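Chain by chain, the residues run as shown.
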Amino acid sequence: MGAAAVGKPAPSAFALRASTYGQSASTYAQGASADRSADKPAPDLRVDARALRERIEKLSTFGRPADGTFADGVSRIAYSDADIEGRRYVMGLMTAAGLQPGIDPAGNIFARRPGTENGLPPILFGSHIDSVPNGGNFDGDLGSLSALGVLEALQAADVRTRHPLEVVVWAHEEGFAFGRGLACSRIVAGEIVAADMDEVWNGMRRGEAIRRIGGNPDRILDARRPKGAHHCYLELHIEQGGTLERAAVPVGVVEGIVAIDKYDAVVTGFANHAGTTPIAERHDAMLAAAHLTVAVRDAVTRLPGRQVGTVGHIEVTPNSPNVIPGLARLSIELRDLSPQKLVAMMDDIRARAREIAANTQTTIEFTQTMRAAPAAADGDVQRAIERAGQTLGLGTSRLPSGAGHDAQMMAQLGPMGMIFVPSVGGVSHSPKELTRWEDCARGADVLLRTVLEMDRAG
Ligand SMILES: [Zn+2]
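Each value, and the rule that gives it
- Residues numbered from 1 in each chain as written.
- Predicted model: local features only at pLDDT ≥ 70, side-chain atom pairs only at ≥ 80, totals over all residues.
- Heavy atoms only, no water.
- Salt bridge = Lys/Arg side-chain N within 4 Å of Asp/Glu carboxyl O.
- Helix = DSSP H or I, 4+ residues; strand = E, 2+ residues; numbered from the N terminus.
- Contact = heavy atoms within 4.5 Å.
- Polar contact = N/O pair within 3.5 Å; in protein donor to acceptor, adjacent residues only side chain to side chain.
- Axes fitted to C-alpha atoms, helices over the stretch in contact; angles between N-to-C directions.
- Parallel < 35°, antiparallel > 145°, perpendicular 65-115°, else oblique.
- Left-handed = near helix turned anticlockwise from the far one by under 90°.
- Nonpolar A, V, L, I, M, F, W, Y, C, P; charged D, E, K, R; others polar.
- Phe/Tyr/Trp six-rings, centres within 6.5 Å; stacked < 30°, edge-to-face > 60°.
- Buried < 20%, exposed > 50% of the residue type's maximum accessible area, 1.4 Å probe, protein only.

> What should I look at first to understand the pattern of salt bridges in this one?
Pairs can form between side chains of opposite charge whenever their charged atoms are close. With the rule as written, the count across this model stands at 22 salt bridges. Ionic pairing is found between Arg211 and Asp218, a salt bridge with its closest N-O pair at 3.5 Å. With a shortest N-O distance of 2.9 Å, Arg302 and Asp348 are connected by a salt bridge. One end of the pair, Arg302, is in helix α8 (residues 285-302); the other, Asp348, is in helix α9 (residues 339-360), and 46 residues separate them in sequence. It is possible to trace a salt-bridge network through shared partners that takes in Arg387, Glu453 and Arg456.

> How should I be thinking about the environment of Val323 in this particular structure?
Relative to the elements of secondary structure, Val323 occurs in strand β13 (residues 323-324). A sequence separation of 50 residues divides Val323 from His273, and the C-alpha atoms of the two residues are 5.2 Å apart. If sequence neighbours within four positions are ignored, Val323 has contacts with Ala271, Asn272, Ala274 and Pro318.

> So what exactly am I meant to see when it comes to unusual backbone geometry here?
Cis geometry marks the peptide bond from Thr317 to Pro318; its omega dihedral reads 5°. Relative to the helices and strands, Pro318 is located in the loop between β12 (314-317) and β13. One non-glycine residue, Asp158, lies in positive phi territory at about 60°. On the secondary structure map, Asp158 appears in the loop between α4 (141-156) and β4 (165-170). Positive phi values are uncommon outside glycine, yet Phe178 reaches one of about 60°. The topology assignment puts Phe178 in the loop between β4 and α5 (183-188).

> Please explain the environment of Arg46 as it appears in this structure.
Inspection of the secondary structure assignment puts Arg46 in the loop between α1 (25-33) and α2 (49-59). Along the sequence, Arg46 and Pro250 sit 204 residues apart, while their C-alpha atoms lie 16 Å from each other. One polar contact links Arg46 to Asp445, side chain to side chain, over a distance of 3.3 Å.

> Just checking my understanding: could you explain the packing of α2 against α4 for this structure?
In a packed pair of helices, the relevant descriptors are the angle between the two axes and the axis-to-axis distance. α4 packs onto α2 with a crossing angle of 140° between their chain directions and a minimal axis gap of 10 Å. By the angle between their directions, the pair α2 and α4 is classed as oblique. The interaxial crossing formed by α2 with α4 has right-handed handedness. Across the interface between the two elements, Leu52, Arg55, Ile56 and Leu59 from α2 touch Asp141, Leu142, Leu145, Ser146, Leu148 and Glu152 from α4. Grouping the constituent residues of the contact of α2 with α4 by class yields 6 nonpolar, 1 polar and 3 charged.

> How should I be thinking about the packing of aromatic side chains in this particular structure?
For any pair of aromatic rings, the description rests on two quantities: the centre-to-centre distance and the angle between the ring planes. Scanning the model with the defined rule gives 9 aromatic pairs in all. On the basis of an interplanar angle of 50° and a centroid distance of 5.4 Å, the ring pair of Phe138 and Trp437 is categorised as tilted. On the criterion of sequence distance, the pair formed by Phe138 in the loop between β3 (123-128) and α4 and Trp437 in helix α12 (residues 437-456) is long-range, its members being 299 residues apart. Judged by relative accessible area, Trp437 falls into the partly exposed class, the value being 22%. Arranged with centres 6.1 Å apart and planes meeting at 80°, the rings of Phe176 and Trp201 form a pair that is edge-to-face.

Shown next, in the form of structure tokens:
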């Protein structure tokens, strides 16, 4: 399996330069004359770390605060001028690499490198380049630019894969616009009806927004892809938490993306005078809400595991210093890979709420506002990432993803896997978001080796 083929040399503008690994252009030139197959890639096959860094730095200029530097982060909201400029930059890199990038009706950017068996479904990999307001320079950007670096490294070393390889830069991952994340991978996964194009945000129809970035809302349903459209989907991403850094492990193998249950809790008491109402006669909704917040924390920590729970929003009525609160509304959000565990935690919270209501002379009611199913990473892909780490002499560790990713949408269409690299201090969605350059390079190399591992399978 894995026929050798001779590819065109990489265009000079992005010819592989000497990298931190001490590779030189001449190493690759030698490689180009040899027969190379995906079965026996050169041991020195690497993504160009220096180019990766330069591109992440350049991409950060689109949406950078005025007079800011790289350390000031980026605001590249989906559909903004900065987003359009950043997308143009990335497509320019693809074109310079000899690829022919295209935009699907949903606005996602795809670029394909043929395989030797083009009847096989492609290996799809990539990430996104939109950001949250005042976000960081690594969330999404690392995975998108590394994916391009993988194609270039294979091209430069003349390694042909059996499967076609397809790089994707998803549009509108963060969900700041139109209030819903994973917006355009969601369309590819089939979660779309034509009427969704009429949603309005900031005075702009969603269809117009998609047209702005080169998509075609009139053909939006054509962006859907069927189950089995890909051999597998891979995404390199920063962890956005502190687990890998704390454990001093360079590569995370994602087990899956957690399920999320959200509830609104309404606590009803009785608003009354803060000076004349004796403590024993109060129906204090705020006091009950405070106890309920602690109860959420207790329910989450009582069980072993890595589940989390948050009360992140509270509204108190009348919200006045001299009035006992008569009403409180809280959000409760629970996350874990196991939906059963989420239900068990919520049962615990409800039981505690009954006691709290009795003790505070209030009533507490819950309404579920959201349920997101977990997305499991494929076992074979997880093992392929681990082998890739071994090949490179890098330790790996399995962990769940507490954040949502486009990968969870692609998990609906076929096997999915994600590679995490450490986030310094576990900080993300902030200008302080940072992943060390050597960790960026390691992640890109693991992505490259995982693509080759998966190319051999099936
Ligand atoms: Zn992201």
